[in-house]
Amino acid sequence: GQLNQWDQGFSPCWPSTLNAAATWDIELMARWSVEMAQEFGKPNRGQLGPGVNVARYAWNGRLAEYMSGEDPFLGAKMIEAQVSAGRKVDSPAVQVVKHWIPNTIEK
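Residues numbered from 1 in each chain as written. Predicted model: local features only at pLDDT ≥ 70, side-chain atom pairs only at ≥ 80, totals over all residues. Heavy atoms only, no water.

1. Some words on helix H2 (residues 26–40)
Thought 1: Between its terminal C-alpha atoms H2 stretches 20 Å, which fits the 21 Å expected from 15 residues at 1.5 Å a residue.
Thought 2: Buried within H2 are the following residues: Met29, Trp32, Ser33, Met36, Ala37, Glu39 and Phe40. For H2, the buried positions fall inside an angular range of 155° around the axis, keeping them on one side. Of the exposed residues in H2, those oriented more than 90 degrees away from the buried face are Glu27 and Arg31. (Helix = DSSP H or I, 4+ residues; strand = E, 2+ residues; numbered from the N terminus. Expected span 1.5 Å × (residues − 1). Buried < 20%, exposed > 50% of the residue type's maximum accessible area, 1.4 Å probe, protein only. Arc of directions from axis to C-beta.)

2. Observations concerning the nonpolar core
Thought 1: In terms of nonpolar packing, the biggest core is built from 13 residues, with Ala21, Met29, Trp32, Met67 and Met78 touching the most fellow members.
Thought 2: Broken down by secondary-structure element, the contributors of at least two residues to this core are helix H1 (17–21), H2 and helix H3 (72–86).
Thought 3: Residues in contact with alanine 21, not counting those within four places in the same chain, are Met29, Met67, Leu74 and Met78. (Core = buried A, V, L, I, M, F, W, Y, C linked by side-chain atoms within 4.5 Å. Contact = heavy atoms within 4.5 Å.)

3. Points about a nonpolar patch on the surface
Thought 1: Residues Leu48, Val94 and Val96 make up a contiguous nonpolar surface patch of roughly 290 Å² in combined accessible area.
Thought 2: Tracing the backbone shows leucine 48 in the loop between strand S3 (46–47) and H3.
Thought 3: With a relative accessible area of 68%, leucine 48 lands in the exposed category. (Patch = residues over 30% accessible without salt bridge, like charges linked within 9 Å, V, L, I, M, F, W, Y side chains within 5 Å. Areas by Shrake-Rupley, 256 points an atom, 1.4 Å probe, with all protein chains shown as cover. Salt bridge = Lys/Arg side-chain N within 4 Å of Asp/Glu carboxyl O.)

Structure (structure tokens):
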């Protein structure tokens, strides 16, 4: 669908990374990543992600951003597909890997 960005015009609404990763489909993740890279790779745009933290507890408000859910192996494969596919477009978006260490609850 389209989301009204008020002052920026309309923009596509993308499923969260956790939704995309829940498919367990690496080829679909690569397709999803190319489409997002084409959208976010426009001048002066970037993508804040992928989120690489593992979902350790349900109260974390950023779970939808994390690619791996509770499975670090799945997350690694999905993140690899997302980043490598996203680099294949003509004008790739800047991707910022987020929340690997600072967003954990372990001491």
